Amino acid sequence: MTVYFIGAGPGDPDLITVRGLKLIQACPVCLYAGSLVPEQIVEAAPDDAKVIDTAPMHLDEIIAEIELAHAAGQDVARVHSGDPSIYGATAEQMRRLDRLEIPYEVVPGVPAFAAAAAALKMELTIPEVAQTVIVTRTTMQSSAMPNNEDLETLGKSGATLAIHLSIRNLREIERKLTPLYGAECPVIVAYRVGWPDQSFIHGTLSDIASKVRKSKITRTALIFVGHALKPAADFRDSALYDAEHVHVLRPKKKA
C-alpha cells in the first residue's frame with residue numbers, strides 16, 4: 001500500500017501529468033482538495049473508488065482515512081492543486097505518515113506561477129534584467145513569514161517575484177516594493193489560473209491595487225512583480241542561440 005501525493009496542476013485538467021492521472025485511475029481511494037482541484041480530475045478514479053473531498057476536513061480526519069486505507073491494503077491518491085512542494089500543506093501529512101510507517105511517494109505537478117507564465121506567453125527570466133524567480137507570500141492569518149523573508153529583504157534582489165496567497169495585501173506590497181522596484185514597475189495579477197474564468201490584470205505598483213479593487217478579486221490570485229514583465233522587445237536576445245556563442249554542442253566552425 002502506498003499514498004501518492006499528486007500535484008494536479010493549477011486548474012486545467014489537461015495540465016496533470018500522465019503519471020498522476022494514471023495513479024488516480026488506479027487507486028481505490030482518492031482524497032482530493034476540492035476547493036482547488038477540478039472535479040474532472042477525480043472523475044478519472046475507478047467507478048467503485050472511495051472519493052472524498054478533504055476541503056472541510058482537518059488533518060486528523062484526513063490521516064484517519066489514510067489509516068483505514070492502509071489497514072485495508074488500498075493505495076491512496078492524495079490529490080493537491082499545483083505542485084505538492086509549494087504551499088501544499090503536505091509536509092505535516094508526510095510527517096504523520098512517517099510516524100505511522102505508512103509509505104508514500106510524491107508526484108510533481110505544474111505550479112500556478114508556471115501555468116500563469118505560459119498563459120501570458122511570458123518568460124520570467126530575461127537576460128541582464130532578472131535571472132531569479134522568487135516564490136513567496138506575505139503574512140496572512142494562517143501563519144507569519146519567517147525572519148529575513150519579508151518583502152523588503154527579498155525585493156532587494158530585484159528578482160521576479162511570484163507572490164502567492166496575498167491578494168488582500170496589495171497595499172502592503174505596493175508600499176514595501178515601490179522603493180525597491182519603482183512605482184512604474186510592472187505587476188500582473190493572475191486570477192484562477194487554468195480555470196475557465198481565469199483572468200489577468202495588468203498594472204504597475206502604483207495602480208494595481210485600485211485595479212484589483214474594481215475587479216472585486218479577493219482570493220485565488222497570484223501576483224507577479226518585476227521588470228522582466230515588460231514587453232520582450234525591450235530586452236536583448238539570450239546568448240543561448242546567438243550565432244557567435246560557442247558551446248560543447250555547437251562548437252566553433254572551422255574556417
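Refer to the structure printed above.
Residues numbered from 1 in each chain as written. Predicted model: local features only at pLDDT ≥ 70, side-chain atom pairs only at ≥ 80, totals over all residues. Heavy atoms only, no water.

## A word on the overall build of the chain
- Tallying secondary structure elements over the chain gives eight helices and ten strands in all.
- With respect to the principal axes defined by its C-alpha atoms, the chain has extents near 65 × 55 × 35 Å.
- A buried classification covers 42% of the 255 residues belonging to the chain.
- Within the structure as shown, the chain displays about 14000 Å² of accessible surface, and the carbon and sulfur contribution to it stands at 52%.
- Across the chain, 26 positive and 31 negative side-chain charges occur, with their mean positions spaced 7 Å apart. (Helix = DSSP H or I, 4+ residues; strand = E, 2+ residues; numbered from the N terminus. Buried < 20%, exposed > 50% of the residue type's maximum accessible area, 1.4 Å probe, protein only. Areas by Shrake-Rupley, 256 points an atom, 1.4 Å probe, with all protein chains shown as cover. Lys, Arg positive; Asp, Glu negative; His and termini not counted. Charge placed at Lys NZ, Arg CZ, Asp CG, Glu CD.)

## Digging into unusual backbone geometry
- You will see that Asn148, though not glycine, has its phi angle at about 70 degrees, which is positive.
- Position of Asn148 among the secondary structure elements: in the loop between strand S6 (133-137) and helix H6 (151-155).
- Note on Asn148: relative accessible area 60%, which makes it exposed.
- The phi dihedral of Leu165 falls on the positive side, at around 50 degrees, and the residue is not glycine.
- Mapping Leu165 onto the fold places it in the loop between strand S7 (160-164) and helix H7 (170-181).

## Some thoughts on the nonpolar core
- Counting 23 residues, the largest nonpolar core has Leu177, Ile223 and Val225 as the members making the most contacts within it.
- At the level of elements, H6, S7, H7, strand S8 (186-191), helix H8 (208-215) and strand S10 (221-225) are the ones that each hand at least two residues to this core.
- Residue contributions to this core peak at four residues, all from H7.
- Not counting residues within four places of it along the chain, the set of residues in contact with Leu177 comprises Leu151, Gly155, Leu161, Ile163, Gly182, Leu205 and Val225.
- Core analysis: the second largest hydrophobic core is formed by 18 residues, Ile6, Tyr32, Val42 and Ala45 among them. (Core = buried A, V, L, I, M, F, W, Y, C linked by side-chain atoms within 4.5 Å. Contact = heavy atoms within 4.5 Å.)

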